[in-house]
Amino acid sequence: MPTDQLILFGLLFAVFALLIWGRIRYDLVAFGALTVALITGVVPTDKAFDGFGHPATVIVALVLVVSQGLSNSGAIDLIARYVVDTGRSLAAHISIMAGVGAALSAVINNVAALVLLMPVDMQAAEKAKRSPAVTLMPLSFATILGGMVTLIGTPPNIVVSGYREQTLGEPFRMFDYAPVGLVCAVAGVAFVALIGWRLIPAARREVNTGEELFDLGAYISELKVNEESPVIGKLVAELDEASDNNDVTILGVLSHGSHRLRWHRMHELAANDVIIVEGDAKAIGKFANDLKISHAVLEEDKDAEVPESLTKGDQAMIEVVVRPGAAIEGHTARRLGLSSLYNIKLLGVSRRGQRVHERLRQMRLEAGDILLLLGPRARLMTMSERLGLLPLADRGLKEVSQGKALLAIGMFAAAIALASFGVLYLAVALAAVAVLFVLLNIVPVNEVYDSIEWPVIVLLGSMIPIGTALEASGGTSLIANALVNLSLGAPTWVVLMILMIVTMFLSDVLNNTATAVIAAPIAVDVARVLEVKPDAFLMAVAIAASCAFLTPIGHKNNTLILGPGGYQFGDYWRMGLPLEILIVAISIPMILLVWPL
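Rules used throughout
Residue positions are counted from 1 within each chain, in the order its sequence is given. Side-chain atom pairs in this predicted model are given and counted only at pLDDT of 80 or more, local residue features only at pLDDT of at least 70, and totals for whole chains, interfaces and linings cover all residues. The basis for the side-chain values is all heavy atoms of the structure; hydrogens and waters are excluded. Think of it this way: any DSSP run of H or I at least four residues long counts as a helix, any run of E at least two long counts as a strand, and we number them from the N terminus. Only protein chains enter the accessibility calculation, which uses a 1.4 Å probe; a residue whose area is less than 20% of its type maximum is buried, one above 50% is exposed, and one in between is partly exposed. Contacts between residues were defined by any pair of non-hydrogen atoms, one from each residue, lying within 4.5 Å. Here the Shrake-Rupley method, with its probe set to 1.4 Å, supplies the accessible areas, and only the displayed protein chains count as covering residues. Fitted lines through C-alpha atoms give the axes, limited to the stretch in contact for helices. The angle between two N-to-C directions lies from 0 to 180 degrees. Should an angle fall under 35 degrees it is taken as roughly parallel, and over 145 as roughly antiparallel, whereas 65 to 115 is taken as roughly perpendicular and any remaining angle as oblique. Crossings are classed by handedness, with left-handed meaning an anticlockwise turn of the near helix from the far one by less than a right angle and right-handed meaning a clockwise turn. When residue character is reported, Ala, Val, Leu, Ile, Met, Phe, Trp, Tyr, Cys and Pro are called nonpolar, Asp, Glu, Lys and Arg charged, and the others, Gly included, polar. pLDDT expresses how confident the predictor is about each individual residue, on a scale running from 0 to 100. Side-chain atoms within 4.5 Å are what join buried Ala, Val, Leu, Ile, Met, Phe, Trp, Tyr and Cys residues into a set we call a nonpolar core. Given a helix with a known number of residues, its expected span is that number minus one, times 1.5 Å. Bending is quantified residue by residue as the angle between axes fitted to the seven-residue window ending at that residue and the seven-residue window starting at it.

Caption draft 1: Geometry of the overall build of the protein. Looking only at helices and strands, the protein features 26 helices and eight strands. Counting all 597 residues of the protein, 56% fall into the buried class. Relative to all contacts within the protein whose residues are 6 or more apart in sequence, the contacts with residues 24 or more apart total 79%. Element-wise, carbon and sulfur atoms account for 59% of the exposed surface of the protein, whose accessible area totals about 24,400 Å².

Caption draft 2: Up close: the packing of helix H5 (residues 90-105) against helix H6 (residues 110-127). Interaxial distance between H5 and H6 falls to 9 Å at its minimum, and their mutual angle equals 160°. Our classification of the angle between H5 and H6 gives roughly antiparallel. Between H5 and H6 lies a crossing of right-handed hand. The residues of H6 that touch H5, namely those facing His93, Met97, Val100, Gly101, Leu104 and Ser105, are Asn110, Ala113, Leu117, Val120, Asp121 and Ala124. Among the residues making up the contact of H5 with H6, the classes are represented as seven nonpolar, four polar and one charged.

Caption draft 3: Summary view of the confidence of the model for the protein. Taken residue by residue, the protein gives an average pLDDT of 83. The fraction at 70 or more is 86%. Across the protein, helix H24 (residues 535-546) holds the top mean pLDDT of 96, while helix H13 (residues 296-300) sits lowest at 54. Below a pLDDT of 50 lies the segment residues 208-217, which in the model reaches 33 contacts outside its immediate sequence neighbourhood of four places, other chains included. In the predicted structure, residues 395-400 sits below a pLDDT of 50 and forms 17 contacts with residues beyond four places in sequence or in another chain.

Caption draft 4: Layout of the nonpolar core. Residues Met118, Phe437, Phe537 and Tyr567 are the most contacted members of the largest nonpolar core, which totals 150 residues. Looking at this core, the element that brings in the most residues is helix H23 (residues 512-530), giving eleven residues. Ranked by size, the runner-up nonpolar core spans 19 residues in total, among them Ala316, Ile318, Val349 and Leu365.

Caption draft 5: Region of the structure containing helix H26 (residues 572-594). In this model H26 runs 31 Å from its N-terminal to its C-terminal C-alpha over 23 residues, within 8% of the 33 Å that 1.5 Å per residue would give. At Ser587, H26 shows its largest kink, close to 25°, and the proline Pro589 lies no more than four residues downstream. Of the positions making up H26, those classed as buried are Tyr572, Met575, Gly576, Leu579, Glu580, Ile583, Val584, Ile586, Ser587, Ile588, Met590 and Ile591. On its buried face, H26 sits against helix H7 (133-146), helix H9 (178-194), helix H22 (492-509), H24 and helix H25 (556-560).

This is how it looks when you write it as structure tokens:
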């Protein structure tokens, strides 16, 4: 094997390993791999940043800006106002929400579609006194399925289209994905609505959310012993009755001046000790009131305004979930200056399935974490949006200007029509819409760059040159030959199925965009080895790369619902595995029918 192939395969293996490990953000992993590729010479210097100017990268960025405009205009709320009714029966609610989610995902970013519908779904769960776990996973899967229908529905479709243009001279058009994608989406939505939600573990479905705001699992919180507290001089063991009465677990104590969490039931409490507790928000508040102790963050932020109570005046307490790729992800509350700069207090963190042993303000926050925040009501909402946090409380359908909403929808529809009929190149049509949105203040200038998911752009810009180099070195041909030899003598549809299964597996553990970048050249090389047209294989990669249903890390939507749904890592495959099998079974004959070999 040539040296350049060895280096590239080693780089890809390192990228896959680091992405599965998950401790380093995927854009940094990809850019680091590109840097190594440039230093070792396997990617020519003059091709270093071709990926950042690649049509796929530009179109993904423009789609995100346009999605922001459709959201800002109230177009999505206008649609939701007429189709969403939180009072429907469970089966009807899941069917309607899944259908709406899939439809929205076909025309806007699927993460944005979930973010818009998730609070509505959770409000319905609270009203019906049922666990949000019953409906959030079907909604997440439906928004992923909807992205298969159009070119702009999901980044893998854009990547595959761009690669087709590069190799065959013509990209897939806006609705070329629809014949196969629509059938898969309809079948998938029907599955999750009628059968899939019943496969969610009973332990998640039986949680009653009627009495609590969201029965999402326990928060980790810090309570400080005040100088006048009656617990001074008591042993930790003597707090058992109060903790049992309030359904709170004492995890340990930080003695004054110590930074190490200790668990000593015979420890004698003193002023300024910090008690680490676990429980839901209301239970922790009642436990603190009973013992006359307070949230440590409120006591320690001497320079910040301390509210008289948690709810008085303009102070509010909200629960938010950290979105994948959020500005706050990977940082600590102290480093971001939540308290010192924004007067927002981090009162608790819920990290489903993990026990936390760090001070709250020193914890590196992860996607899917649920945060309990306290601060001025207006500032909480503003900062939540800026930091990439999704409020889980019902925000209601905002007042919208029907004229502006219809205008935004009209401009977007016109651009799609012009691109579909070949009058304008898709990137130009989307750019025109983005410019009009800015000029009409539908997307304010200061929101243009905020609306773009820069980690995805960096990922694409970094991985495209590596994928091109792998193809130029003959690496993709090597993989293609291995796949064909694996199915030697079998019908072509068997090779197509193997390619889909391998791509699905990669998408379940890696970023789906990165999977598409690597798998698209392999698909074309497989077709060349078999001496058939490559379109069927490219379409198979596009469908399979979008099918990340087995884990919470394969797709951002799955990560986003992890905490709010109270799911465990192993819950996803129960509904996801039969769904992926269904997609393979349906898509292969449809692909061969629409894109004959």
